[in-house]
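Below, each chain spelled out in residue letters.
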Amino acid sequence: MASVSQVLKRNFSSSRAMAGAIKHVTVIGGGLMGSGIAQVSAAAGQKVCLVETNDKLLEGANSRIHESLKRVAKKVYKEKPAEGDKFVEQTMSRISGATDASEAVKNTDLVVEAIVENMAIKQKLFATLDAVAPKHTIFASNTSSLSITEIASQCQRKDRFGGLHFFNPVPVMKLLEVVRTNDTSDDTFKKMMEWGQEVGKTCITCKDTPGFVVNRLLVPMLAEAVRMLERGDASPRDIDTAMKLGAGHPMGPIELADYVGHDTTKFILDGWHEKMPENPLFNPLDTLNKLVSEGKLGMKTGEGFYSYKKK
């Protein structure tokens, strides 16, 4: 069995051969997800254009990628620091930045959108890009909860549209959900699967169903854990301990809810409840709504169900 180091070197080596059809990737959005997607694409040997709304945000994204790559190099090339430095330098050299998305997509093979989870904004973006991107270019959204079919509805290239749902942090998490709609062609799906493997991910496929696989199972579990709290069935700590020791989960559902962010979970639940009000799994949660209204979003704000503030 290969060691962790060997696997990482295989996935992140700058000398990785690029035999796939996708050689140039444009990532729209330089937040945590977008910068992570740009990083793994560049580390796999692809040319990447990262698009943000202004130069300051681009600088921040590039800084995040650079620091992340240095951590990877330190781990993978710990006995050969010079090779690690070369890996970082070569990977960064494949990433360019742009603030004009329409210009950025004119010579690209794949567009991956990783912007705000707002249907109207995503539709407007893709409708604009559809008019200027080459005919062969594949469009994909990294949405975690919105309908790919609905996002693609304003585009002509529905056969060249799919979902590529990565997980945070992208350079570390191995899973990629490849989502195909009823319109996604076999050729597009094949290319998305091959590309996912080229950037070092284990790819699964899923129909365009709410939440795909992971979130469709995960979010209702988090919601049910909160309902247990609301009923007074068990304490947060006991719920987490039960799932860690009884089900083998690395994190309990209350801890995980804090990690994910209560605004994110609320957004997903609210969207699903609006579309499927008859499903009790998606009913709004008073406790979650209260935490969000108080700004207690979890780890990222220092407090959620647990406190993360330094004493």
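A brief look at the structure comes next. These numbers were taken from a predicted model, which means no experiment stands behind them. (Residues numbered from 1 in each chain as written. Predicted model: local features only at pLDDT ≥ 70, side-chain atom pairs only at ≥ 80, totals over all residues. Heavy atoms only, no water.)

What follows concerns the pairing of strand E5 (residues 138-141). A two-sided burial pattern is seen for E5, the buried positions comprising Ile138 and Ala140 on one face and Phe139 and Ser141 on the other. Looking at chain direction, strand E4 (residues 110-113) and E5 are connected through four bridges and run parallel. Bridge pairing in E5 places Val112 opposite Ala140. Crossover E4 to E5 through helix H6 (residues 119-130) is right-handed. Pairing of E5 with strand E6 (residues 161-165), which is carried by three bridges, proceeds in the parallel orientation. Following the sheet pairing, Ser141 is matched in E6 by Gly163. (Buried < 20%, exposed > 50% of the residue type's maximum accessible area, 1.4 Å probe, protein only. Helix = DSSP H or I, 4+ residues; strand = E, 2+ residues; numbered from the N terminus. Pairing = 2+ DSSP bridges. Right-handed = clockwise from strand over helix to strand, strands pointing away.)

On to the layout of surface pockets, then. Volume-wise, the largest pocket comes out at about 1,200 Å³. Those elements giving two or more residues to the lining of the largest pocket turn out to be helix H2 (32-43), helix H9 (214-231), helix H11 (253-260) and helix H12 (262-275). There are two domains that each give the lining of the largest pocket at least three residues, and those are domain 1 (24-207) and domain 2 (215-301). Reported here for the second largest pocket is a volume of approximately 350 Å³. Lining the second largest pocket are 19 residues, with Met119, Ser145, Leu146, Gly271 and Lys275 positioned closest to its centre. Sorting elements by how many residues they give to the lining of the second largest pocket places H12 first, with six residues. Considering only residue class, the lining of the second largest pocket consists of eight nonpolar, six polar and five charged. For the lining of the second largest pocket, the two domains that each supply at least three residues are domain 1 (24-207) and domain 2 (215-301). (1 Å grid on protein atoms, 1.4 Å probe; cavity = no way out; pocket = protein on both sides within 12 Å on 5 of 7 lines; lining within 4 Å. Points joined across faces, edges and corners; volume = space filled by probe spheres on them. Domains from an automatic or database assignment. Nonpolar A, V, L, I, M, F, W, Y, C, P; charged D, E, K, R; others polar.)

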